[in-house]
Amino acid sequence: MAHIMDEFYMRLALGVAKDGAGLTGSNPNVGCVIVLNGKIIACERTADGGRPHAEYKAVETAFESFDGIEGCDVYVTLEPCAHISERGPNCSDVMLDIKPARVIVAMQDPDPRTAGNGIKKMQEAGIIVEVGLLGAEAADIIKDFTARFDKA
Ligand SMILES: [Zn+2]
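Residues numbered from 1 in each chain as written. Predicted model: local features only at pLDDT ≥ 70, side-chain atom pairs only at ≥ 80, totals over all residues. Heavy atoms only, no water.

Caption draft 1: Representation of the environment of Glu 60. Positionally, Glu 60 belongs in helix α2 (residues 54-65). The sequence separation of Glu 60 and Cys 43 amounts to 17 residues, and the corresponding C-alpha distance is 11 Å. (Helix = DSSP H or I, 4+ residues; strand = E, 2+ residues; numbered from the N terminus.)

In structure tokens:
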């Protein structure tokens, strides 16, 4: 079920994603907002150079103030990644660890290594995953990243 504040939080995530434009190397600039009990407890973007990813950073920030954030809502401008990288944990596994109630995803990852696998993994773990909120805006932010896969 969509909540009345969802669009507000996603716009915040999109805004912080835009701040990372051109700074995240070969990785897409992503924004992530975490809300717990109606309060924003983290608002982060993909770090300069592309790592850590936005979701990982947001979870780190949240854990600076909370021992656990089970039941939170996570707003992320791009599907949490599902592929294994030597450069860090994948964000869909991070989502499983924190046990959110919902993960609201603006758009599916165009990277064929994830491309729906992160969404599927979270859903199979019992997390409510909603995809597509403000998806056009999210797609516009990472259109150069997406274009790389169109050529492939
Ligand atoms: Zn990731």
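Caption draft 2: Broad picture of the packing of α2 against helix α3 (residues 91-98). Relative to each other, α2 and α3 sit at 30 degrees, their axes nearing to 9 Å. Considering the angle they form, α2 stands roughly parallel to α3. Touching Glu 55, Tyr 56, Val 59 and Phe 63 of α2 are Cys 91, Val 94, Met 95 and Ile 98, all from α3. A breakdown of the residues in the contact of α2 with α3 according to their chemical character gives 7 nonpolar, no polar and 1 charged. (Axes fitted to C-alpha atoms, helices over the stretch in contact; angles between N-to-C directions. Parallel < 35°, antiparallel > 145°, perpendicular 65-115°, else oblique. Contact = heavy atoms within 4.5 Å. Nonpolar A, V, L, I, M, F, W, Y, C, P; charged D, E, K, R; others polar.)

Caption draft 3: Structural context of the packing of α3 against helix α4 (residues 117-124). Two numbers describe how α3 lies on α4: the axes approach to 9 Å, and their chain directions differ by 20 degrees. When the interaxial angle is binned, α3 and α4 end up roughly parallel. Crossing geometry of α3 relative to α4 is assigned as right-handed. Within the contact between the two elements, α3 uses Ser 92, Asp 93, Met 95 and Leu 96 and α4 uses Gly 118, Lys 121 and Met 122. Here the contact of α3 with α4 is composed, by residue class, of 3 nonpolar, 2 polar and 2 charged. (Left-handed = near helix turned anticlockwise from the far one by under 90°.)

Caption draft 4: The environment of Cys 43, seen in detail. Relative to the helices and strands, Cys 43 resides in strand β2 (residues 39-45). Residue classification places Cys 43 among the partly exposed positions, given a relative accessible area of 31%. Put simply, Cys 43 and Lys 18 are 25 residues apart on the chain and 13 Å apart in space, counted from C-alpha to C-alpha. Leaving out residues up to four positions away in the same chain, Cys 43 has contacts with Leu 12, Val 16, Cys 32 and Val 33. (Buried < 20%, exposed > 50% of the residue type's maximum accessible area, 1.4 Å probe, protein only.)

As far as function goes, none of this settles anything; it's purely spatial.
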